[in-house]
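# Geometric and topological summary
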Amino acid sequence: MRVTKESQGGQAAALSKEDLVRINLLSRRELTEEEVYTFSVRLCDNEVDRDLERFAPQTLEELAGLFVGKSGLFDHQWSARGQAARIYKTEVVREARRVTRVGDVYCWLKGFAYMLRTDSNRDLIAEIEGGIKKEVSVGCAVERAVCSICGGDLRQRDCGHEKGKVYDGRLCYASLEGASDAYEFSFVAVPAQPAAGVVKGRTDLKALAAAFPGGVQQLEQLEEEARLGRQYLDRLRQEVVRLGLLAGAGLDRETLKSVTGKLSGPELAAMREAYSRQAGSRYPLKMQLEYGEKTLVRQEQDQAFLI
């Protein structure tokens with residue numbers, strides 16, 4: 001699962017001897033202090049963003065190591081010409097006095113990058129120093145988008161919860177977990193957000209689809225089919241809960257709702273069939289024509305008394 005997030009960054013950073021050693025581990029020749037310019041960037045954090053996603057603190061720790069050595073680009077254009085900087089160290093910063101909207105201690109991944117002091121980079125360095133280049137966006141990969149309510153994978157739609165809704169006082173959001181790769185960070189032309197929170201990158205699925213003929217229409221069709229599929233799963237879960245109560249499964253309504261929220265479509269269908277059979281055994285349906293048969297038998301018996 002590729003993730004693109006934007007944040008604030010682009011602050012000048014002092015260069016220490018240790019930093020220069022780290023930088024020279026990445027360079028092909030030994031660079032001097034006069035040849036390099038360093039700055040720091042806020043790569044990503046654990047705050048719930050406007051897309052109702054967040055990086056789990058453990059994911060930030062995992063990304064810290066993955067981002068070392070990665071390039072800094074412009075607008076996520078993957079070309080050698082677009083490379084402007086490189087990250088030489090990272091650290092996870094924790095702010096004990098600040099909490100996220102879900103009550104966790106706020107933490108964020110800080111990256112330190114360097115670039116060469118060349119004529120071609122002079123304007124970029126000036127823009128960083130002047131606060132013009134402040135927003136950066138990261139490209140990385142995570143394994144799971146975990147539902148904050150039940151722990152299911154929201155990416156696979158294997159639970160009945162919806163991001164943004166509140167369940168028993170708890171906000172449903174996706175926790176991005178299991179960092180598997182880090183690609184790059186990029187300077188982007190996006191206005192700074194007032195809360196300095198992480199925001200979604202512009203290179204989302206719709207933007208990519210727009211680059212191909214008919215891509216937007218196909219994506220909209222897939223979104224509509226996905227919406228109908230979610231509605232079907234919601235109705236299926238409700239039916240399983242109803243049949244489970246009728247079958248006397250020994251579980252209350254809330255427990256059944258929690259269990260069914262973690263099941264896939266085929267699993268729900270199998271449970272519906274099982275509960276349907278159990279409910280049928282407890283409450284067998286009687287034929288409505290039975291009274292007619294009894295009447296016929298009664299008439300045959302009464303014929304013995306007819307003269």
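This structure is a prediction, so every number in the text was calculated from the model and none was measured.

## Brief notes about the confidence of the model for the chain
In the predicted model, the chain carries a mean pLDDT of 79, and the fraction of residues at 70 or more is 76%. When mean pLDDT is compared element by element in the chain, helix 2 (residues 57–67) scores highest at 95, while strand 11 (residues 199–200) scores lowest at 29.

## As for the nonpolar core
Of all hydrophobic cores here, the largest spans 38 residues; its most connected members are F39, L43, F67, L109 and F185. At the level of secondary structure, the elements contributing two or more residues to this core comprise strand 2 (36–45), helix 2, strand 5 (85–99), strand 6 (105–116), helix 3 (122–129), strand 7 (135–147) and strand 10 (174–187). Core analysis: the second largest hydrophobic core is formed by 11 residues, L233, L243, A247 and Y275 among them.

## Some points on the packing of aromatic side chains
The tally for this structure, following the rule as stated, stands at three aromatic pairs. On the numbers, 6.0 Å between centres and 25 degrees between planes, the contact of Y37 with F39 is stacked. For the pair Y37 and F39, one class covers both residues: buried. Measuring from ring centre to ring centre gives 6.3 Å for Y88 and Y114, while their planes differ by 55 degrees; the resulting arrangement is tilted. A residue pair is termed long-range when its members are at least 10 positions apart, and Y88 in strand 5 and Y114 in strand 6 qualify at 26 residues. Its relative accessible area of 2% is what places Y88 among the buried residues. Put simply, the rings of Y88, F112 and Y114 pair up and form one aromatic cluster. Cation over ring: R42 sits above W108, and NZ or CZ is 3.9 Å from the ring centre. Seen from the ring of F112, K89 lies directly overhead, with NZ or CZ sitting 4.5 Å from the centre.

## Some details on the pairing of strand 6
Within strand 6, nine of the 12 residues are buried, which leaves it mostly tucked inside the rest of the structure. Alignment of strand 2 against strand 6, held across nine bridges, turns out to be antiparallel. Note that in strand 6 the partner of S40 across the bridge is F112. Where strand 5 lies against strand 6, 10 bridges are found, and the strand directions are antiparallel. Along strand 6, the bridge assignment pairs R94 with C107. Connecting strand 5 to the next strand, strand 6, in antiparallel fashion are five residues, including G103 with a positive phi near 95 degrees.

Parameters at a glance
Residues numbered from 1 in each chain as written. Predicted model: local features only at pLDDT ≥ 70, side-chain atom pairs only at ≥ 80, totals over all residues. Heavy atoms only, no water. pLDDT = per-residue confidence, 0-100. Helix = DSSP H or I, 4+ residues; strand = E, 2+ residues; numbered from the N terminus. Core = buried A, V, L, I, M, F, W, Y, C linked by side-chain atoms within 4.5 Å. Buried < 20%, exposed > 50% of the residue type's maximum accessible area, 1.4 Å probe, protein only. Phe/Tyr/Trp six-rings, centres within 6.5 Å; stacked < 30°, edge-to-face > 60°. Lys NZ or Arg CZ within 6 Å of the ring centre and 35° of its normal. Pairing = 2+ DSSP bridges.

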